[in-house]
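Analysis of the macromolecular model
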Number of protein chains: 4
Amino acid sequence: MNRRSKYLADLFATIFDQRPAFRTAVDGRPIIEQCRDLISARGEAATMRLAESILATYQGLSSHERLAFFDYLADELDLDAVRLEELAGAYRESPTTGSLKSLMQAAEPARQELFRRLNQSEGATAQLVSMRADLLTLIADHPQYGRIDLDFAHLFTSWFNRGFLVLRRIDWDTPASILEKIIAYEAVHEINDWDDLRRRIQPADRRCYAYFHPRVPNDPLIFVAVALTKGVPTSVQDVLATGRTALEAGDADTAVFYSISNCQRGLHGISFGDSLIKQVVADLSSELPGLRTFITLSPLPGLRRWLETQAGEADPRPARIIEAVEAADDDADALDSIGDDLREMAAVYLAVEKRPDGRPVDAVARFHLANGAQIDNILTSADLSPNGIAQSVGAMVNYRYDPQHVETNCDAFATKQTVALSRSVQALVRAKPKVAAPAR
Amino acid sequence: MNRRSKYLADLFATIFDQRPAFRTAVDGRPIIEQCRDLISARGEAATMRLAESILATYQGLSSHERLAFFDYLADELDLDAVRLEELAGAYRESPTTGSLKSLMQAAEPARQELFRRLNQSEGATAQLVSMRADLLTLIADHPQYGRIDLDFAHLFTSWFNRGFLVLRRIDWDTPASILEKIIAYEAVHEINDWDDLRRRIQPADRRCYAYFHPRVPNDPLIFVAVALTKGVPTSVQDVLATGRTALEAGDADTAVFYSISNCQRGLHGISFGDSLIKQVVADLSSELPGLRTFITLSPLPGLRRWLETQAGEADPRPARIIEAVEAADDDADALDSIGDDLREMAAVYLAVEKRPDGRPVDAVARFHLANGAQIDNILTSADLSPNGIAQSVGAMVNYRYDPQHVETNCDAFATKQTVALSRSVQALVRAKPKVAAPAR
Amino acid sequence: MNRRSKYLADLFATIFDQRPAFRTAVDGRPIIEQCRDLISARGEAATMRLAESILATYQGLSSHERLAFFDYLADELDLDAVRLEELAGAYRESPTTGSLKSLMQAAEPARQELFRRLNQSEGATAQLVSMRADLLTLIADHPQYGRIDLDFAHLFTSWFNRGFLVLRRIDWDTPASILEKIIAYEAVHEINDWDDLRRRIQPADRRCYAYFHPRVPNDPLIFVAVALTKGVPTSVQDVLATGRTALEAGDADTAVFYSISNCQRGLHGISFGDSLIKQVVADLSSELPGLRTFITLSPLPGLRRWLETQAGEADPRPARIIEAVEAADDDADALDSIGDDLREMAAVYLAVEKRPDGRPVDAVARFHLANGAQIDNILTSADLSPNGIAQSVGAMVNYRYDPQHVETNCDAFATKQTVALSRSVQALVRAKPKVAAPAR
Amino acid sequence: MNRRSKYLADLFATIFDQRPAFRTAVDGRPIIEQCRDLISARGEAATMRLAESILATYQGLSSHERLAFFDYLADELDLDAVRLEELAGAYRESPTTGSLKSLMQAAEPARQELFRRLNQSEGATAQLVSMRADLLTLIADHPQYGRIDLDFAHLFTSWFNRGFLVLRRIDWDTPASILEKIIAYEAVHEINDWDDLRRRIQPADRRCYAYFHPRVPNDPLIFVAVALTKGVPTSVQDVLATGRTALEAGDADTAVFYSISNCQRGLHGISFGDSLIKQVVADLSSELPGLRTFITLSPLPGLRRWLETQAGEADPRPARIIEAVEAADDDADALDSIGDDLREMAAVYLAVEKRPDGRPVDAVARFHLANGAQIDNILTSADLSPNGIAQSVGAMVNYRYDPQHVETNCDAFATKQTVALSRSVQALVRAKPKVAAPAR
């Protein structure tokens, strides 16, 4: 860290020091009444007071009152389309600065101003993220709330701009208060306890990086777990094995991204993962010049469900796989017999099966391909955890991030939906079904 | 600074360390062509590359090319009012999430997306602030550029949200690279050299505070100079006197805000001053419980000009003042004879003379009154610098920030344009002109 | 933390960054040969190389070789008494600067210069502390090594000067790598796991403070655990209870120091505990003005053994106590019957029983009395852990640190061995044995 | 800076924060009486109080009282040689731990304990350094004070152990309060003002590094100024030229150490310079791999005086040089005629002229040779400042630090007084005087 950034680090610390913790004085009135006041409030002090009170009041709402609050946001604070139509017409007639200003003000739902004002109080950003998490669970039954979510998404994209995100290594010197969050948030390969955590962050050949944001300082937003290895490991069991001897970081030639966990439900759709992976690749490259391969060890979360939909078809492979995986409940070795079938069908699932928009049906594949990775290899019996078998039939994918090709892959996927495949995966896609194996 | 904030300070330092400095590869194509590409770019790498190239290209534009660039922003990237009108109609007919989404996208000039994408490159925020400073100098002759400025103002208000501003004390332990900016930016009472600076920040009874922003780390945004005194000083000459003995900070009962300087022309209209003063009042109160009075020593920048417009009227006072101030070029003592006239007329100027919107004609008065201050006293022969005489006839105002009344004053001014006055200033406003003083 | 100290914090960080970790090149020669070279070495590079090699060689010594090494230190590097006698005579004759210089050089065993030179290599201080820990275990069988220990003690007293010790709060935001040391080092009331640790450092009414030293940065030297309470708790079980509701720190009136653990055996006799307690008292006083009582909850580690030596005497109380405590193995309530006896005998043990030097036989009492505390109260059934019963018959002492009296108590104990007692403890000391309680 | 060191940096900051500034309560009694009390004081509080009072009292002593104080230190607190002789005899008879302990206590002048106790008060180290500076000025007239200085030197060597020194780059981002010290302390090539300072620390091809110590935080101990250049410059005028264009640091192949300034007179003889140069060489090497040459541009402070002593000899060169340098007062070009003579005589002065201990007469040469440098080249008209001409006849030396040879040079100089010379300097040493140049 250079001098100037030291000085600035110091600057930023004060963001968190500015206000002493104190008990919010909750205005006793109904939340909607308070919101009306906030929208028309003048003066910073009144704004802060109302914002704090509204957020505290929100915490105490019953589920019924919460619906009433979201109804208010959806209806009373919606765009005034009639007025907007008029002002658009006026601007069409006379495109002046003044008429544009009026038009732009009318073109924004009043919800945005409400959220911006709420966000001025201390700790508000985390509370608004949490409010959106509430909202997202309600949208299925209340599709009209989708309009509210447009405003959350618009503002959060700006507030969580990657220019403000801070990459931070998580290791055994990280404060315990952050580490316990990592234990709680690990979504892909569960962390059982502090010793399990220590095995993932303390050895010289293990890394973990997280993004943080200044206005949500207590919580990581997303983190990635990395194993430094010699060669690409063939399963996540190998990566997480407890008895293993750690490598010197400088001796590794491969960085395996074996887990990426989003931590905040309320930031759904606000993408950080692409930046995170790229920045970690860049940092590791510069720190450890011996690293030549940057690769993931990723699940195929929809594979088994998809295979079940294919099982009645002419192709015998899906049925054979489903049969084996059902047998695997009793005997994990049952999966051994279907290695080739599974790799071929997984390749088809990832690279051929598409959504109506021309993109792969697998969400993890869409994520890594959009980031410029290539589908490099498919591994079987690579995640034998109950979850790994239930979702991915024990299979995993290596997505390769080759700094030389990331940008062109990214463009080709963005513009032409081109799925980058290694030679071996291309071969898997083209493979013809084998005749059924003779009875064992 | 508590532990968590130390940890976070450390986090934030990395914002500035993330990318090594490197020479931008400037795309040789015309800037407008590059902008079109940027707006349609997919993928982070392409976005960053184009953004850097466009900002570097902008630096090299001739003034003629610059106008062409702003014309492009004003016209080609303007709102499509016809389409917006249609989409507003469609939403009026069918207010779904989908139709609102289309409408909201159409309701934002494409300039905003361009600026947001430009802002993703390293150091871009400062360059965009500087681009707006260029724009502001052109608006007088090119009023249509006002539409571009609406987008700058909209985005900057969000980017320079006070939640991201960092208050920092400036003192003799501050890095020299920051101090030289303070010397350059002091706008109210010029700082001549390092010794002059030292006199304003090193003594125990002098304070200086600035706001910084993480994306413009090299530059303060605004700063305020404070003198800690016993009693309210009667002139800025007293405050800046070179031979004086410093007070122990704990012995002071008054904090005098004698200079507030905005540092960035390109942030015109993005208000920080109110927050800055309130935060400094709060910090000083808690650090130095002996402080009972928070008061400014402020100029009346339009007073002399206004008096000249009043000089032909029935009231004899303006003419007497103008006469004296003209004599003061030869002999500053000439101002002594007009003390009462000047205080009365200044009170009228500040408290009675209004703009069509009902607010005072004096910009400094509008600023402090909107923040909740009260006009507390008017001092004569209080700024005898050439500038002080030329603009304010040597007079200065004390605006008082009384934590007990700031919020109500603020609301009353916001809603009813009520100008808060001390008793003595009320008396000045009501004073009748004295008979002309006998010949001296 | 003020600005200057920020700058200096930054300075100090570089102490630990200066040298990259690297594998020491171990000189293959016998350690004694290397030591001879080091003592005569010229030039920093040679010194560093030899020092690192010697410390690495020491790590690999067999116990037999280790004795040979300590024999070398004790004999070959001992003071040359004959030469010293001569030089002292010479200085007596002619007390010049030159003769004093020669005398002072001869008056220091060569071991000190060896240790100082060893200490120049990276990480050496911790290794020398550990070497002394080895030495201390050998002294009983090799009393001549006591002469080596004089030099370690002399140097460590200087190196671990309190001016270099750094007080640091340990809480849930402390790095996990430090916290695991706290778990390992807690000597008084064992910490079972991370959840147990969290209960002692995370609640608002729990504090923990440790001293660190820059040259042994990985390890705390000593730490103290503090409970903030309303009133003085009557047992350590209450303090450590798992289900309890935490108090707001500001509501507490009492700070209870319920555990002090020295972490480094090799620093035996280098006293930090007095400074630590005083500094924590000062810091807590200023942070929490509501605290009025600073008190310990301390064991009487030699009480039971002492009572056993008294059991045959005329006084019936020791025998009654011993009988009850033996019964307590089956039923802890057995201790209830001896409350008065135990308090009285404990008071005698603490305040009356003395070593030949006139100081109390109890080491914990000597420590707190020397620091200026007063024996304030004796609690029974206050530590019912197996260890608490085995050593202290379940009793504990409150030593009170009253900032008003600490200095005078300290002086009186230092100069006149006066033991400061509260009124109630004075009464206990004077109490006459009760007639045996009737059979239960 | 890694994580752990961040944590520790934070630790260390607290060293400076621990005690609030407060006015020392000065004990009104004579300083010697206070010192007697301090030596026998028990308890930390009493020690601190007395230490502060004594140091404050010392500040106010008249020069007469100061002599009385030093007399007290020299006499009353001196070693008791008679007792030491006895104890040495006793130890010779019976070398036990106990007898060694008594002996070691008696072998240390009581002054050391006094200084150690004084050093426990806040800010004491700087005051003791300053007390020694006073002492050093008195030694010439009071040689018996040399005995006091032995104790200062002994303690300071331990307190200012290089393990505690912190290397810090000084640049334009350094606090102004530190920079003004640099301006004041630059001893070799005076810094005139802030602009002059800026020219030496802000350009990309200029570096400055200083050592700091935690107990003297306000002041650098020593600093070195470095110019990064292409090729070795031929004069200090070139290095300090005001109009020059800065090089990119990465383009430099040479680091020129053109000024080293010790800042604290009271640390005379406590050597940091060797460490400083070696550490800066190591840091620059790793930061800028393009650097191949590390070289000084150093004065020959005794050259002119030495030449004057040689002027009457058979060798005609000294006289010719002296004549030219006297003419140079009127016309600096006069030095041009003596280039060869001057280089040859300077080589003899540096490499051949020795003190009785076999080391060079030139102090700067002794310093760099002891550090392992080689005398690489002698430059004429290389420092045309008045001081440069008056002391060094305008000549300067390049001492080369070649990481490959530093250790062997260092050993050879330490053990055999071997002066490392480049081929060209060897040739200069052997050169025979030229016949006198014909009249100009």
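Quantities reported herein were computed from a predicted structural model and do not represent experimental measurements.

**Concerning the overall build of chain A**
Along its length, chain A carries 20 helices and 7 strands. Considering only C-alpha atoms, chain A reaches an extent of 80 × 55 × 45 Å along its principal axes. Out of the 440 residues in chain A, the part that is buried amounts to 54%. In the form shown here, chain A has an accessible surface area of approximately 18,300 Å², with 50% of it arising from carbon and sulfur atoms. Taken together, the 49 basic and 61 acidic charged side chains of chain A have centroids lying 5 Å from each other.

**A short note on the pairing of strand β4 (residues 254-262) of chain A**
Residue and element names in this part refer to chain A. Across the 9 residues of β4, 7 count as buried, placing the element largely inside the fold. Here strand β3 (residues 222-229) pairs with β4 via 8 bridges, running antiparallel. By the bridge assignment for β4, valine 224 is matched with isoleucine 260. In this region the chain leaves β4, passes through helix α13 (residues 273-287) and returns to the parallel neighbour strand β5 (residues 293-296); the handedness of that crossover is right-handed.

**Details of the domain arrangement of chain A**
All names here are of chain A. By the assigned domains, chain A splits into domain 1 (26-159), domain 2 (163-296) and domain 3 (303-430). The distance between the C-alpha centroids of domain 2 and domain 3 comes to 23 Å. Across the boundary between the two partners, domain 2 contributes 17 residues, which contact 17 residues of domain 3. Across the domain 2/domain 3 interface, buried area totals approximately 1,300 Å², and carbon plus sulfur atoms make up 59% of it. Per-residue buried area on domain 2 facing domain 3 is highest for Gln237, Phe294 and Thr296; these three make up 32% of the total on that side. In this assembly, domain 2 and domain 3 are joined by 0 salt bridges.

**Side note on the packing of helix α14 (residues 303-310) of chain C against helix α15 (residues 317-327) of chain C**
Residues and elements named next belong to chain C. For the pair α14 and α15, the least separation of the axes is 8 Å and the interaxial angle reads 125°. Here α14 is positioned oblique relative to α15, judged by the angle of their axes. Handedness of the crossing formed by α14 with α15: left-handed. Counted together, Arg304, Leu307, Glu308 and Gln310 of α14 and Pro318, Ile321, Ile322, Val325 and Glu326 of α15 form the full contact between these two elements. Taken together, the residues of the contact of α14 with α15 sort by class into 5 nonpolar, 1 polar and 3 charged.

**Focus on the environment of A:Ala225**
All names here are of chain A. With respect to the element layout, alanine 225 can be found in strand β3. Taking the C-alpha atoms as reference, alanine 225 lies 13 Å from aspartate 196; in sequence the two are 29 residues apart. Sequence-distant contacts of alanine 225, that is, excluding residues within four places in its chain, are made with Arg207, Val256, Phe257, Tyr258 and Ser259.

**Section: a negative patch on the surface**
Residues and elements named next belong to chain A. On the surface, Glu323, Glu326, Asp329, Asp330, Asp331, Asp333 and Asp336 cluster together to form a negatively charged patch. Tracing the backbone through its elements, the reader meets aspartate 336 in the loop between α15 (317-327) and α16 (339-351). A relative accessible area of 52% means that aspartate 336 is categorised as exposed.

**As for the environment of A:Asn409**
All names here are of chain A. Residue position: asparagine 409 is located in helix α19 (residues 406-416). When its relative accessible area of 17% is taken as the criterion, asparagine 409 is described as buried. The spatial distance from the C-alpha of asparagine 409 to the C-alpha of proline 143 is 36 Å, given a sequence separation of 266 residues.

**Regarding the pattern of salt bridges**
For the structure on display, the rule yields 116 salt bridges over all chains. A salt bridge links B:Asp376 to B:Arg400, with the shortest nitrogen-to-oxygen separation between them at 2.9 Å. Of the two residues, B:Asp376 sits in strand β6 (residues 374-379) while B:Arg400 sits in strand β7 (residues 396-400), which places them 24 residues apart along the sequence. Several salt bridges share partner residues, and in doing so they unite A:Asp75, A:Asp78, A:Arg111, A:Arg147 and A:Asp151 into one network.

**Observations concerning the packing of aromatic side chains**
Summed over the entire model, instances satisfying the criterion amount to 46 aromatic pairs over all chains. Taking the centre distance of 5.6 Å and the plane angle of 75° together, the rings of A:Trp172 and C:Trp194 count as edge-to-face. In this pair, A:Trp172 is assigned in the loop between β1 (166-169) and α10 (176-185) and C:Trp194 in helix α11 (residues 194-201), connecting two distinct chains. For A:Trp172, a relative accessible area of 4% translates into the label buried. For C:Trp194, a relative accessible area of 11% gives the class buried.

**Some points on α14(C)**
Residues and elements named next belong to chain C. Those residues of α14 not exposed but buried are Leu303, Arg304, Trp306 and Leu307. For α14, the arc enclosing every buried residue in end-on projection is 160°, short of the 170-degree limit, so these residues lie on one face. Residues Arg305 and Thr309 are exposed on α14 and point more than 90 degrees away from its buried face. Looking at the buried side of α14, the elements it contacts are α15, α16 (339-351) and α18 (386-392).

**Considerations on the packing of α16(A) against helix α20 (residues 423-430) of chain A**
Residues and elements named next belong to chain A. One can describe the packing of α16 onto α20 by two numbers: an axis separation of 8 Å at closest approach and a directional angle of 100°. Between α16 and α20, the interaxial angle falls into the category roughly perpendicular. Facing Arg343, Glu344, Ala347, Val348 and Ala351 of α16, the residues of α20 in contact are Val425, Leu428 and Val429. Taken together, the residues of the contact of α16 with α20 break down into 6 nonpolar, no polar and 2 charged.

**What about the confidence of the model for chain A?**
With 93% of its residues at a pLDDT of 70 or more, chain A shows a mean pLDDT of 88. pLDDT under 50 marks residues 1-23 of chain A. Its contacts with residues more than four places away, or in other chains, come to 71 contacts.

**Let's talk about helix α13 (residues 273-287) of chain D**
In a regular helix each residue adds 1.5 Å, so 15 residues correspond to 21 Å; α13(D) covers 21 Å between its end C-alpha atoms and thus fits that length. When α13(D) is considered as a whole, its buried residues turn out to be D:Gly273, D:Asp274, D:Ser275, D:Leu276, D:Ile277, D:Gln279, D:Val280, D:Val281 and D:Leu284.

**Concerning the side chain of D:Thr57**
All names here are of chain D. Relative to the assigned elements, threonine 57 resides in helix α3 (residues 44-59). Only 2.6 Å separates the side chain of threonine 57 from the backbone oxygen of serine 53, close enough to count as a polar contact. Beyond its immediate sequence surroundings of up to four residues, threonine 57 is in contact with Val26, Asp27, Ile31 and Gln34.

**Examining unusual backbone geometry**
Located in the positive-phi region is B:Val393, a residue other than glycine, with phi close to 55°. Relative to the helices and strands, B:Val393 is located in the loop between α18 (386-392) and β7. Residue B:Val393 is classed as buried on the basis of its relative accessible area of 1%. In this structure, C:Gln417 is a non-glycine residue whose phi angle is positive, near 55°. Tracing the backbone through its elements, the reader meets C:Gln417 in the loop between α19 (406-416) and α20 (423-430).

Conventions and cut-offs
Residues numbered from 1 in each chain as written. Chains lettered and ligands numbered in written order. Predicted model: local features only at pLDDT ≥ 70, side-chain atom pairs only at ≥ 80, totals over all residues. Heavy atoms only, no water. Helix = DSSP H or I, 4+ residues; strand = E, 2+ residues; numbered from the N terminus. Buried < 20%, exposed > 50% of the residue type's maximum accessible area, 1.4 Å probe, protein only. Areas by Shrake-Rupley, 256 points an atom, 1.4 Å probe, with all protein chains shown as cover. Lys, Arg positive; Asp, Glu negative; His and termini not counted. Charge placed at Lys NZ, Arg CZ, Asp CG, Glu CD. Pairing = 2+ DSSP bridges. Right-handed = clockwise from strand over helix to strand, strands pointing away. Domains from an automatic or database assignment. Contact = heavy atoms within 4.5 Å. Buried area = accessible area lost by both parts, 1.4 Å probe. Salt bridge = Lys/Arg side-chain N within 4 Å of Asp/Glu carboxyl O. Axes fitted to C-alpha atoms, helices over the stretch in contact; angles between N-to-C directions. Parallel < 35°, antiparallel > 145°, perpendicular 65-115°, else oblique. Left-handed = near helix turned anticlockwise from the far one by under 90°. Nonpolar A, V, L, I, M, F, W, Y, C, P; charged D, E, K, R; others polar. Patch = residues over 30% accessible without salt bridge, like charges linked within 9 Å, V, L, I, M, F, W, Y side chains within 5 Å. Phe/Tyr/Trp six-rings, centres within 6.5 Å; stacked < 30°, edge-to-face > 60°. Arc of directions from axis to C-beta. pLDDT = per-residue confidence, 0-100. Expected span 1.5 Å × (residues − 1). Polar contact = N/O pair within 3.5 Å; in protein donor to acceptor, adjacent residues only side chain to side chain.

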